[in-house]
There are 2 protein chains.
Amino acid sequence: MSEEFDQQFILSQQQCEFLAKTFHKFDPDENGVIELEDLAKVTQEILGNEIRSSELQAIRLKGEGCATEGYITFGDFTKIMREHMSSTTRWGGLKSKLQAFVGFDSIQDQLKEKALKRGFEFNLMVVGESGLGKSTMINTLFRGTVSRQSCIQHPEPLPPTVKINSVCHVIEEKSVNLKLSITDTPGFGDQINNLKSWEPILEYVNKQFEAYLNEEVSINRKKYIPDTRIHCCMYFIPPTGHCLRPLDIEFMKKLDKHVNIVPVIAKSDTLTIEERHAFKQRIRDDITHHKIRIYPSGYETDEEDEMVANAAIDKFLPFAIIGSDQLHQVNGKKILARKTKWGVIEVENPAHCEFVNLRNMLIKSRMLDLKETTDKVHYENYRRQRLHGPRDISDALSQPDN
Amino acid sequence: MSEEFDQQFILSQQQCEFLAKTFHKFDPDENGVIELEDLAKVTQEILGNEIRSSELQAIRLKGEGCATEGYITFGDFTKIMREHMSSTTRWGGLKSKLQAFVGFDSIQDQLKEKALKRGFEFNLMVVGESGLGKSTMINTLFRGTVSRQSCIQHPEPLPPTVKINSVCHVIEEKSVNLKLSITDTPGFGDQINNLKSWEPILEYVNKQFEAYLNEEVSINRKKYIPDTRIHCCMYFIPPTGHCLRPLDIEFMKKLDKHVNIVPVIAKSDTLTIEERHAFKQRIRDDITHHKIRIYPSGYETDEEDEMVANAAIDKFLPFAIIGSDQLHQVNGKKILARKTKWGVIEVENPAHCEFVNLRNMLIKSRMLDLKETTDKVHYENYRRQRLHGPRDISDALSQPDN
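Described in the following lines is the structure provided in the data block. Just so we're clear, the structure is a prediction, and the values are computed from it rather than from any experiment. (Residues numbered from 1 in each chain as written. Chains lettered and ligands numbered in written order. Predicted model: local features only at pLDDT ≥ 70, side-chain atom pairs only at ≥ 80, totals over all residues. Heavy atoms only, no water.)

## With respect to the overall build of chain A
Logical step 1: Each helix and strand counted, chain A has 13 helices and 12 strands in total.
Logical step 2: Along the first, second and third principal axes, the C-alpha set of chain A runs to 85 × 55 × 45 Å.
Logical step 3: The buried share of chain A, reckoned over its 402 residues, is 53%.
Logical step 4: Contacts spanning at least 24 positions in sequence make up 69% of the contacts within chain A whose residues lie at least 6 apart.
Logical step 5: Total accessible area on chain A is roughly 18400 Å²; 51% of this is exposed by carbon and sulfur atoms.
Logical step 6: With 53 positive and 59 negative side-chain charges, chain A shows a separation of 8 Å between the mean positions of the two kinds. (Helix = DSSP H or I, 4+ residues; strand = E, 2+ residues; numbered from the N terminus. Buried < 20%, exposed > 50% of the residue type's maximum accessible area, 1.4 Å probe, protein only. Contact = heavy atoms within 4.5 Å. Areas by Shrake-Rupley, 256 points an atom, 1.4 Å probe, with all protein chains shown as cover. Lys, Arg positive; Asp, Glu negative; His and termini not counted. Charge placed at Lys NZ, Arg CZ, Asp CG, Glu CD.)

## Thoughts on the nonpolar core
Logical step 1: Among the nonpolar cores identified, the biggest contains 164 residues, and Phe 142, Met 234 and Phe 251 of chain A together with Phe 142, Met 234 and Phe 251 of chain B are the most heavily contacted of them.
Logical step 2: Apart from residues lying up to four places away in sequence, Met 234 of chain B is in contact with Leu 124, Met 125, Val 126, Val 127, Met 137, Leu 141, Val 262, Val 264, Leu 358 and Leu 362 of chain B. (Core = buried A, V, L, I, M, F, W, Y, C linked by side-chain atoms within 4.5 Å.)

## Points about the sheet that holds strand E10 (residues 327–330) of chain B
Strands in a sheet are paired, the pairing made by backbone hydrogen bonds, and the direction either parallel or antiparallel.
Residues and elements named next belong to chain B.
Logical step 1: Taken in spatial order, the three strands make up an open sheet running E10-E11-E12, and their pairing is antiparallel. The open sheet terminates on both sides in strands that have one partner only, identified here as E10 and strand E12 (343–346). Sheet twist, expressed as the mean angle between neighbouring strand axes with direction ignored, is 70 degrees.
Logical step 2: One ladder, built from four bridges, connects E10 with strand E11 (residues 333–340); its direction is antiparallel. Along E11, the bridge assignment pairs His 328 with Ile 335. (Pairing = 2+ DSSP bridges. Axes fitted to C-alpha atoms, helices over the stretch in contact; angles between N-to-C directions.)

## Quick look at unusual backbone geometry
Logical step 1: Residue Pro 296 of chain B follows Tyr 295 of chain B across a cis peptide bond; omega there is 5 degrees.
Logical step 2: Here Pro 296 of chain B is to be found in the loop between helix H10 (273–289) and helix H11 (304–314).
Logical step 3: For the peptide bond that leads from Leu 317 of chain B to Pro 318 of chain B, omega is -15 degrees, which places it in the cis range.
Logical step 4: Residue placement: Pro 318 of chain B occurs in the loop between H11 and strand E9 (319–320).
Logical step 5: If you check the backbone angles, Ser 175 of chain A has positive phi at about 60 degrees while not being a glycine.
Logical step 6: As for its placement among the helices and strands, Ser 175 of chain A is situated in the loop between strand E5 (165–173) and strand E6 (176–184).
Logical step 7: The phi dihedral of Asn 331 of chain A falls on the positive side, at around 50 degrees, and the residue is not glycine.
Logical step 8: The topology assignment puts Asn 331 of chain A in the loop between strand E10 (327–330) and strand E11 (333–340).

## Describing the environment of Ile 237 of chain A
Residue and element names in this part refer to chain A.
Logical step 1: Structurally, the position occupied by Ile 237 is in strand E7 (residues 232–237).
Logical step 2: Considered as a pair, Ile 237 and Ala 266 are 29 residues apart in the sequence and their alpha carbons are 5.8 Å apart.
Logical step 3: In this view, Ile 237 contacts Leu 132, Leu 244, Asp 248, Pro 263, Val 264, Ile 265, Ala 266, Phe 279, Ile 283 and Pro 318; residues no more than four positions away in its chain are not counted.

## So, the sheet that holds E10 of chain A
All names here are of chain A.
Logical step 1: Pairing within the open sheet is antiparallel, and its three strands lie in the order E10-E11-E12. Two strands in the sheet have a free side with no partner beyond their single neighbour: E10 and strand E12 (343–346). Each neighbouring strand pair of the sheet contributes to a mean axis angle of 70 degrees, computed without reference to strand direction.

## Re the interface of chain A and chain B
For interface size, the figure often reported is the accessible area lost on association.
Logical step 1: Counting residues at the interface gives 119 residues for chain A and 120 residues for chain B.
Logical step 2: Carbon and sulfur atoms make up 57% of the area that chain A and chain B hide from each other, which totals about 11900 Å².
Logical step 3: The interface formed by chain A and chain B contains 18 salt bridges.
Logical step 4: Note that Lys 95 of chain A is salt-bridged to Glu 172 of chain B, the shortest N-O span being 2.6 Å.
Logical step 5: Inspection of the chain A/chain B interface yields 58 residue pairs in polar contact (both at pLDDT 80 or more).
Logical step 6: It is helix H8 (residues 199–217) of chain A that contributes the most residues to the side of chain A that touches chain B, 12 residues altogether.
Logical step 7: Residue classes in the side of chain A that touches chain B are distributed as 44 nonpolar, 36 polar and 39 charged. (Buried area = accessible area lost by both parts, 1.4 Å probe. Salt bridge = Lys/Arg side-chain N within 4 Å of Asp/Glu carboxyl O. Polar contact = N/O pair within 3.5 Å; in protein donor to acceptor, adjacent residues only side chain to side chain. Nonpolar A, V, L, I, M, F, W, Y, C, P; charged D, E, K, R; others polar.)

Shown next, in the form of structure tokens:
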């Protein structure tokens, strides 16, 4: 690919002069070579502070590949720079100047408008034993009766095995249409023997990947592939106050390579401040010890601001939450709360529980990132494993006939 | 796919009741059936005015598929509705209500932020004989020296065949980074015998598709596939005042299935008002007669506002343009213009030429659509043809092993 690109990509005079000038600074003898050691410095001088350490690393590696006795020629240097430039838009000093306003920044608005017309999809899964308030939490999160309530009228008996149900809603806010699908897993952890109760859930997750993959590789594919892949799996930990149970560990370990897992402590109003603190610490230790990958801290990011944000979210994990779909009057305002004989627990009060932190992450800051991580990490993993089957998919392509 | 989706997608109680209520209106005898004739009316009542005629058509077809003696049962009706709901977010009366503000509209800002960090790519190609002002036009469009000026210092002799050169620039406006690649085709139409001078250009366009396809089907693909596909091809028609020449027709007919073609009349300051008008009309007739597909009118759209906008743009096609990278003082303001002994031709004055219309379309309103059309129409066409090779690509997928 990069060779293909090289063939057609000529440096402009301006870019060429800028590269030569900077190169010359580090080659005062005009031998046409610089020391390999200086490569990082030269690159940084050209690309400015926008460059990331991972990129500098990659450039350094390329330099090592083409250096002769620790020296790099100008030809090789421009080749390295060109290859790098083809993969990023952070060009620093190589950027071209415009003499006046052109207006291509409106591509942002074009993007927004297209996305508005199409609407967004978000698929959320909740896993946990019955009675932990999963449906209530979903209704609290989205302020409506969006949780599982199928048209089957009679109360369902507890299923003998784990079942999987999805309910789909389109909700609208400020003319943004969101197709929200809530997948519930009644029966999980409710059996006498919960051996392999994660299996039907993993199977479901993979089935969505398979459906997406089948559409993606088909010859006459849809313009927009319907996305039923699970973008986020909220795992409800019962507020035992002890530590993670074997069932919790098994579930998260089996699923963490397939879906973004966000662990929450359900019904955390049963824990005192000290209990909650100690419980969270023990869960965190368990997660580290068992190398469970949770969202967002288990996922790498190149962006520094995201790293800072992840560290801030990380402090709260697992979110100790309380759900309620009942409104109560507190100080003259109607708020979501649970009224007890000894006080009112305000769901949206950060001093009472971490529901607001959870909502901010899920809805206000990371909804798109959850979708992208599902697509770029989990789906790609699935695809890679599926295609490493009997033969390479690229074999199916004949040679171009032009 | 839709069957897979059906399995997991349960209607909520609210949705189910709404469907039943509307169905009942058209089935007063409570036979549990409605007439096929009423299907469109029932659907419209449920989905509201948001529904498009193409969608009504599809629902009608589905209804015909499952009707018995002109009647549709409630079961079949909910199935049709569910299938339709899975492919759109315009749900009308089936939308779920929220009791309070949730904040998921911020997904728009999340989208914007992600796009900003990543930057945009736009690949523009200019085709036309030398001396028609292609480089000047590109520099006028982007207000800078962004056109071909490679680091080769000596003036290039006219190439003996059509050559293809690309120059890449990153330009920035309001912190939006745009990687702009300008592909030039020196030598096109400049030979004594211009037979098949479109061939190297088509080959180049397809080579970019092939590179993209190879990356897309590879097992370990890049997170973001570098997009070198040509998003728009500006074809420069010489201001002869007659009609399209055989060379123009041949080029556009050969390329119009592979790339978005925007025809422009170059150096239109050589035409009087009447000449320009008559020339444009003759070119439009030629385009219609030879069934040449030009952007945007040759591309279907479902959106009504886009249809209106296309019709407005269509009136101006081919854009009669004048380019200039020289600033001249007019009424105390410095503007892009060409100064002649008989007056000053203002490039950005809509009364003088249609440069502003061209710029508005290319940059301010359709940049993203040009990219999407390339991806969803031209690239898909290329992919479909390539995969209809020796065997189906989906054969390469083994059966899932879960």
